[in-house]
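Okay, here's what each chain looks like letter by letter:
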Amino acid sequence: MNKDIQNNDIDVMTDQHIVRYEDGKLFETTDSYVTEFPLTIMVNGEEFATVICSPDHMEELVLGFLASEGAILKRSELKSIQIDDSKGFAHVELTKDLGDRFEYSTKRMIASCCGKSREFYFHNDAAIAKTSMSHITLQPQQVVNMMTRLQSASTLFKRTGGLHNAAISDGDTFFEHRQDIGRHNALDKLYGFCLERHIPVRDKVLIFSGRISSEILIKAAKIGVGVILSKSAPTTLAVKLADDLNITAIGFCRDGNFSVYSHPERIKAVPSQE
């Protein structure tokens, strides 16, 4: 993939002097907060979407977003990406015409907030979300270790409290972490990373910092993983979708414990030595 990166030097985090009230007193201090960056994606010269994101790994974000939206079905359909962060544009050239796909992925604002999902209600979800064919199995300690590693990697969240964190792993040696103000964006960055490097995702695990809602489960299905792991709770619809799509949904992974809500056959306890 040909990339032309321009002025890609925007800080993900900014420090600023503030006034804080604590223990009955007002005082001046410094606080850190995250950058909110609008990136308009132009596909073959036409506006496709504006994504509100954290301004890092933007090429991966664009690639993963286009794949999860069904604009591309494989990496080879992407000819080039130009990121111009001085103007907030990503110029994408495909090897084909999108045709009718614009009808189902119309111009819209993809917000960073965690309000009503924009994904579950769109036509292309049914066409792109895949029933998992994963054969991965995990030992309980591998599950715990992956969440511990995500927590350790989330250094900017600890400073700002304003980022979603996600990672993709095989439960063993492979582990890649991404962060973004948008929970969908963090997953799209991981998807783009794997697509760019031709890394198979079928037998991988998504580790996520937020709740497993229906749109996050659909995103996992679009990426094609067999397991999604979160420190938070799943929703009822997410569990139903996970069961239907053959995805193992694991929640409340905290303090060495977790709950498996669907397809527990992928979690294998170590046989007792007694």
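Calculation rules
- Residues numbered from 1 in each chain as written.
- Predicted model: local features only at pLDDT ≥ 70, side-chain atom pairs only at ≥ 80, totals over all residues.
- Heavy atoms only, no water.
- UniProt positions renumbered as here; feature names shortened; annotations may be inferred.
- Helix = DSSP H or I, 4+ residues; strand = E, 2+ residues; numbered from the N terminus.
- Buried < 20%, exposed > 50% of the residue type's maximum accessible area, 1.4 Å probe, protein only.
- Contact = heavy atoms within 4.5 Å.
- Areas by Shrake-Rupley, 256 points an atom, 1.4 Å probe, with all protein chains shown as cover.
- Salt bridge = Lys/Arg side-chain N within 4 Å of Asp/Glu carboxyl O.
- Axes fitted to C-alpha atoms, helices over the stretch in contact; angles between N-to-C directions.
- Parallel < 35°, antiparallel > 145°, perpendicular 65-115°, else oblique.
- Phe/Tyr/Trp six-rings, centres within 6.5 Å; stacked < 30°, edge-to-face > 60°.
- Lys NZ or Arg CZ within 6 Å of the ring centre and 35° of its normal.
- Pairing = 2+ DSSP bridges.

Taking an unreviewed UniProt entry as the reference, the chain is identified by name as Sulfur carrier protein FdhD belonging to Staphylococcus piscifermentans. Quoted verbatim from the Sequence similarities (unreviewed entry) field of the UniProt record, the comment on the chain reads "Belongs to the FdhD family."

**Here we look at the overall build of the chain**
Scanning the chain from terminus to terminus reveals eight helices and 14 strands. Within the span of the chain, comprising 274 residues, buried residues form 53% of the whole. Restricting the contact set of the chain to residue pairs at least 6 apart, pairs at least 24 apart contribute 56%. If you sum the accessible surface of the chain, you get close to 13,200 Å²; carbon and sulfur atoms cover 50% of it.

**Here's the deal with the pattern of salt bridges**
Under the counting rule described, the total for this entry stands at twelve salt bridges. Measuring nitrogen to oxygen at the nearest pair gives 3.2 Å for the salt bridge that ties Arg75 to Glu196. Here Glu196 lies in helix H6 (residues 183-196) and Arg75 lies in the loop between helix H1 (58-68) and strand E6 (78-84), a separation of 121 residues in the sequence. For Arg75, a relative accessible area of 17% gives the class buried. Overlapping salt bridges, with partners in common, bring together Glu60, Glu176, Arg178 and Arg197 in one network.

**Considerations on the packing of H6 against helix H7 (residues 214-223)**
Close contact between H6 and H7 brings their axes to 11 Å; oriented N to C, the two are set at 10 degrees. Taken together, the axes of H6 and H7 lie roughly parallel to each other. Contact residues: H6 offers Arg183, His184, Leu187, Asp188 and Tyr191, while H7 offers Glu215, Ile216, Lys219, Lys222 and Ile223.

**Let's talk about the environment of Asp97**
Relative to the elements of secondary structure, Asp97 occurs in the loop between strand E7 (89-94) and helix H2 (101-104). Counting along the chain gives 26 residues from Asp97 to Ala71, while the straight-line C-alpha distance between them is 9.6 Å.

**Focus on the packing of aromatic side chains**
Within a pair of aromatic rings, the relevant descriptors are the distance that separates the centres and the angle that separates the planes. One pass over the structure, following the stated rule, counts one aromatic pair. Summarising the aromatic geometry, the rings of Phe48 and Phe65 are spaced 6.1 Å apart at their centres and angled 80 degrees between planes, so their arrangement reads as edge-to-face. Here Phe48 is found in strand E5 (residues 46-53), whereas its partner Phe65 is found in helix H1, with 17 residues between them in sequence. The burial state of Phe48 is the same as that of Phe65; both residues are buried. We note Lys204 situated over the ring of Phe174; from NZ or CZ to the ring centre the distance is 5.6 Å.

**Overview of the pairing of strand E9 (residues 164-169)**
For E9, a buried count of six out of six residues is recorded, marking the element as mostly surrounded by other parts of the structure. Here E9 shows no split at all, with His164, Ala166 and Ile168 on one side and Asn165, Ala167 and Ser169 on the other all buried. Direction of pairing for E9 relative to strand E10 (residues 175-180): antiparallel, over a ladder of six bridges. Following the sheet pairing, Ile168 is matched in E10 by Glu176. Taking the residues that link successive antiparallel strands as the turn, the E9-E10 hairpin has five residues, and the phi of Gly171 there is positive, at about 85 degrees. Sheet analysis places E9 next to strand E11 (residues 205-208), joined by four bridges and oriented antiparallel.

**Side note on H7**
Here H7 lies mainly inside the structure; ten of its ten residues are buried. Gly224 occupies a position one or two residues after H7 and carries a positive phi of about 105 degrees.

**Observations concerning the sheet that holds E10**
Spatial ordering of the open sheet is given by E10-E9-E11-E12-E13-E14, a layout of six strands whose pairing is mixed. The open sheet has two edge strands, E10 and strand E14 (257-260), and neither has a second partner. Pairs of neighbouring strands in the sheet enclose a mean axial angle of 20 degrees, with direction left out of account. Pairing geometry for strand E13 (residues 248-254) and E14, over three bridges, is antiparallel. Bridging from a neighbouring strand, Arg254 pairs with Asn257 of E14. Where helix H4 (residues 140-153) meets the sheet, it contacts E9, E10, E11, strand E12 (227-230), E13 and E14, and its direction lies at approximately 50 degrees from that of E11.

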